[in-house]
Amino acid sequence: MANLVIRPMKVTDIDQVMEVETATFATPWTVDIFQQEMVDNQFAHYFVVVIDDKIVGYAGLWGIADDAQITNIAILPGYRGNKLGEKLFQYVMMQAVRLGGQRLSLEVRTSNLVAQHLYRKFGLVPGGIRKNYYVDNQEDAIVMWVNLNGKR
């Protein structure tokens, strides 16, 4: 991949991030939600994957005390299958550690086996189920987590 950069997201990136968001999620976040996350949420950290000046993916991370939570992670459909999600996830995990995170967690659809496989590669394990978590179809979410300090 030519000129691949992962960097902190800026408010001016929201329009391009919305392209990724709407191409990925059945119930995408709005511009207002991203704006609020970027401007008002002191715990939020967002990152973008840029290839040749085009944003092709992004991820969100909340860091609160020693807990880190991935809010969302997405790669444009045409760019999937190139290990970009893996690179982005690894980058976000490093940022969680840098922010003082001891544990990292996220929710993933029970049907999203590709994402679950990716998260397992990085040591995340299922920790529970959130029933009817997703509003579009009431699908359950699996809560996955990992200790970032290597302890169990």
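Look a little higher up for the structure.
The structure presented is a predicted model; accordingly, all values stated were derived computationally and were not measured.

Q: Please give an account of the packing of aromatic side chains that cites residues and values.
A: One pass over the structure, following the stated rule, counts eight aromatic pairs. Between Phe34 and Tyr46 the ring centres are 6.3 Å apart and the planes differ by 75°, which places this aromatic pair in the edge-to-face class. Taken together, the positions of Phe34 in helix H2 (residues 31–40) and Tyr46 in strand E2 (residues 44–51) put the pair twelve residues apart, joining distant regions of the chain. Judged by relative accessible area, which is 0%, Phe34 ranks as buried. Above the ring of Tyr134, the side-chain terminus of Arg109 is found at 4.1 Å from the ring centroid.

Q: Please give an account of the environment of Asn72 that cites residues and values.
A: Mapped onto the fold, Asn72 is located in strand E4 (residues 67–75). Residues Asn72 and Leu61, eleven residues apart in the sequence, show an inter-C-alpha distance of 7.6 Å. Once you skip the residues sitting within four places of it in the chain, Asn72 turns out to touch Phe25, Trp29, Tyr46, Tyr58, Ala59 and Gly60.

Q: Break down the nonpolar core for me, with residues and values.
A: Of all hydrophobic cores here, the largest spans 43 residues; its most connected members are Leu88, Phe89, Leu104 and Tyr119. Broken down by secondary-structure element, the contributors of at least two residues to this core are helix H1 (14–24), E2, strand E3 (54–64), E4, helix H3 (84–98), strand E5 (103–109), helix H4 (113–121) and strand E7 (141–147). Those residues in contact with Leu88 that sit more than four places away from it in its chain are Ile6, Phe47, Val49, Gly57, Tyr58, Ala59, Ile73, Ala74 and Ile75.

Q: Before we move on, could you go through H1 and cite the residues and values that matter?
A: Buried within H1 are the following residues: Ile14, Val17, Met18, Val20 and Glu21. Viewed along the axis of H1, the buried residues span an arc of 165°, placing them on a single side of the element. On its buried face, H1 is in contact with H2, E2, E3 and E4.

Q: Could you give me a rundown of the pattern of salt bridges, with the residues and numbers involved?
A: Any two side chains of opposite charge can pair, given that their charged atoms come close. The final tally for this structure, using the stated rule, is ten salt bridges. For the salt bridge of Arg7 with Asp13, the shortest nitrogen-to-oxygen distance reads 2.7 Å. Between Glu139 and Arg109 there is a salt bridge, with the nearest N and O atoms lying 3.1 Å from each other. Taken as a pair, Glu139 in the loop between strand E6 (125–130) and E7 and Arg109 in strand E5 lie far apart in primary sequence, 30 residues in all. Each member of the pair, Glu139 as well as Arg109, carries the same accessibility label: buried. Beyond isolated ion pairs, a larger network of salt bridges with shared partners links Asp66, Asp67 and Arg103.

Conventions used here
Residues numbered from 1 in each chain as written. Predicted model: local features only at pLDDT ≥ 70, side-chain atom pairs only at ≥ 80, totals over all residues. Heavy atoms only, no water. Phe/Tyr/Trp six-rings, centres within 6.5 Å; stacked < 30°, edge-to-face > 60°. Helix = DSSP H or I, 4+ residues; strand = E, 2+ residues; numbered from the N terminus. Buried < 20%, exposed > 50% of the residue type's maximum accessible area, 1.4 Å probe, protein only. Lys NZ or Arg CZ within 6 Å of the ring centre and 35° of its normal. Contact = heavy atoms within 4.5 Å. Core = buried A, V, L, I, M, F, W, Y, C linked by side-chain atoms within 4.5 Å. Arc of directions from axis to C-beta. Salt bridge = Lys/Arg side-chain N within 4 Å of Asp/Glu carboxyl O.

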